[in-house]
Amino acid sequence: MHFGLTDEQEMIVSTVRSFVEKEIYPHEAEVERTGQVPQAVAEAIKQKTIDLGFYACNFPEEVGGAGLNHLEFALVERELGRGSMALNHFFGRPQNILMACNDEQRERYLLPAVRGERMDALAMTEPVAGSDVRGMKCTARRDGGDWVLNGTKHFISGADHADFLIVFVATGEDDTPHGPKKRITTFLVDRGTPGFTIRDGYKSVSHRGYKNMILDFDDCRLPDAQVLGDVDGGFAVMNEWLYATRITVATMSVGRARRCFDMALGYAAERQQFGQPIGKFQGVSFQIADMITEIDAADWLTLSAAWRLDQGLPANREIASAKLYASEMLARVTDATLQIYGGMGLMDDFPIERFWRDARVERIWDGTSEIQRHIISRDLLRPLGA
């Protein structure tokens, strides 16, 4: 077993970390204050990413990406996790699900997305269908040679900047021994399509500037050419490509936790109370020890899951474990960091309170902690007939 990184992987880590520190950190305070990413800043981040050769680095070289494997991409996401999500969104990692595009769709969606000419966003969640994806009410019905979409999606991240949306809707229902089961189809929907509107979502305490939006479909008519994958094959497309989002949450949680830890460690060594650094008191030093142990554990768990994907090994449970542990670890680390800083940790003079707020959502989106525990336990119990 070898746990070290190659020279190329070390270069990836140092390059992305330097990018985040130079291009993301300086703009974080303004984004936090205004809740907006200035267009000029967004375009500059995107262009610098393209110039570095990292835009769409999660896509294979044959379609214009950098061809990073899962482990290497996890390293990229881990370093991006150190910075504001609202800003690192423009680093540009289109949804891998676009690899399901057919030849004609590749020219209109996949290739422009990889080149940075068009931005995408994923639309699955609805007001009454979060973890219960099959409970979605957004539907598409046949009308002549077209599909007519009706319904609402919400909590759609990145839709404010998206040129097109990857939308999952119900297109039928099957009777099963366990009751009715909806069939899901994936559609590519362009911004500006008649009957499709994008409006502001809810104001979140987490990741300010990284907005969630609401999508409304009112007799939105789409031809068959907009179906991504097979009709009624949305779950197959989802299962093949969307595992990457859970690894992203895990890796970003590790990156953000390491940034927090660095600040906590430095503060514990410098802050004086009772004539000595507070890090000399076990109440603080033991927290430091626990924090780095948990961060390292989450890091290795996450990189191991990505490595399994590269080896073609089953990784569903391992990815769920990584997402579960890393997101909950981040909550503990940000809380401990705030405690070490004391009252100053709650002041917006420092980013600690922002890290603390931002950490809360990681246990919810891309599959709640409860859903991850369900995936893990099901994977263990099913082979035993339970």
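For the structure itself, look to the data block above.
Owing to the predicted nature of the structure, the values given are computational and were not obtained by experimental measurement. (Residues numbered from 1 in each chain as written. Predicted model: local features only at pLDDT ≥ 70, side-chain atom pairs only at ≥ 80, totals over all residues. Heavy atoms only, no water.)

Looking at the overall build of the chain
Line of reasoning, step 1. Secondary structure summary: the chain contains eleven helices and ten strands in total.
Line of reasoning, step 2. Principal-axis analysis of the C-alpha atoms gives the chain an extent of 80 × 55 × 40 Å.
Line of reasoning, step 3. Per-residue burial for the chain yields a buried fraction of 51% across its 386 residues.
Line of reasoning, step 4. Within the structure as shown, the chain displays about 17900 Å² of accessible surface, and the carbon and sulfur contribution to it stands at 52%. (Helix = DSSP H or I, 4+ residues; strand = E, 2+ residues; numbered from the N terminus. Buried < 20%, exposed > 50% of the residue type's maximum accessible area, 1.4 Å probe, protein only. Areas by Shrake-Rupley, 256 points an atom, 1.4 Å probe, with all protein chains shown as cover.)

Details of helix H11 (residues 369–381)
In an α-helix, one turn spans 3.6 residues; hence positions three or four apart end up facing the same way.
Line of reasoning, step 1. Taking 1.5 Å as the rise per residue, H11 with 13 residues should run 18 Å; its terminal C-alpha atoms sit 18 Å apart, in good agreement.
Line of reasoning, step 2. Within the span of H11, buried status applies to Ser369, Gln372, Ile375 and Ile376. Buried positions in H11, seen along its axis, are confined to an arc of 120 degrees and lie on one side of it.
Line of reasoning, step 3. Close packing links the buried residues of H11 with helix H7 (243–270) and helix H9 (316–341). (Expected span 1.5 Å × (residues − 1). Arc of directions from axis to C-beta. Contact = heavy atoms within 4.5 Å.)

Some remarks on the environment of arginine 317
Line of reasoning, step 1. Examined against the element boundaries, arginine 317 turns out to sit in helix H9.
Line of reasoning, step 2. Taking the C-alpha atoms as reference points, arginine 317 and leucine 380, separated by 63 residues in sequence, lie 8.5 Å from one another.
Line of reasoning, step 3. Each residue touching arginine 317, except ones within four places of it in the same chain, is listed here: Ile376, Asp379 and Leu380.

Thoughts on H9
Line of reasoning, step 1. Over its 26 residues, H9 runs 38 Å from end to end, which matches the ideal 38 Å to within 8%, given 1.5 Å per residue.
Line of reasoning, step 2. Extensive coverage of H9 is indicated by the burial of 20 of its 26 residues.

Considering the packing of helix H3 (residues 70–80) against helix H8 (residues 282–310)
The angle between the axes and the distance between the axes are what describe a pair of packed helices.
Line of reasoning, step 1. One way to put it is that H3 packs onto H8 with a least axis distance of 7 Å and a crossing angle of 145 degrees. Here His70, Leu71, Ala74, Leu75 and Arg78 of H3 come into contact with H8, specifically with Asp299, Leu303, Ala306, Leu309 and Asp310.
Line of reasoning, step 2. In the contact of H3 with H8, the residues fall into six nonpolar, one polar and three charged. (Axes fitted to C-alpha atoms, helices over the stretch in contact; angles between N-to-C directions. Nonpolar A, V, L, I, M, F, W, Y, C, P; charged D, E, K, R; others polar.)

Focus: a nonpolar patch on the surface
Line of reasoning, step 1. Nonpolar side chains collect at one region of the surface, where Met344, Leu346, Met347 and Trp356 lie side by side and expose about 370 Å² of accessible area between them.
Line of reasoning, step 2. A relative accessible area of 38% places methionine 347 in the partly exposed class. (Patch = residues over 30% accessible without salt bridge, like charges linked within 9 Å, V, L, I, M, F, W, Y side chains within 5 Å. Salt bridge = Lys/Arg side-chain N within 4 Å of Asp/Glu carboxyl O.)

Regarding unusual backbone geometry
Both trends apply: most residues other than glycine have a negative phi, and most peptide bonds are in trans.
Line of reasoning, step 1. Non-glycine residue aspartate 219 carries a positive phi angle of around 50 degrees.
Line of reasoning, step 2. For aspartate 219, the location among the structural elements is in strand E7 (residues 212–223).

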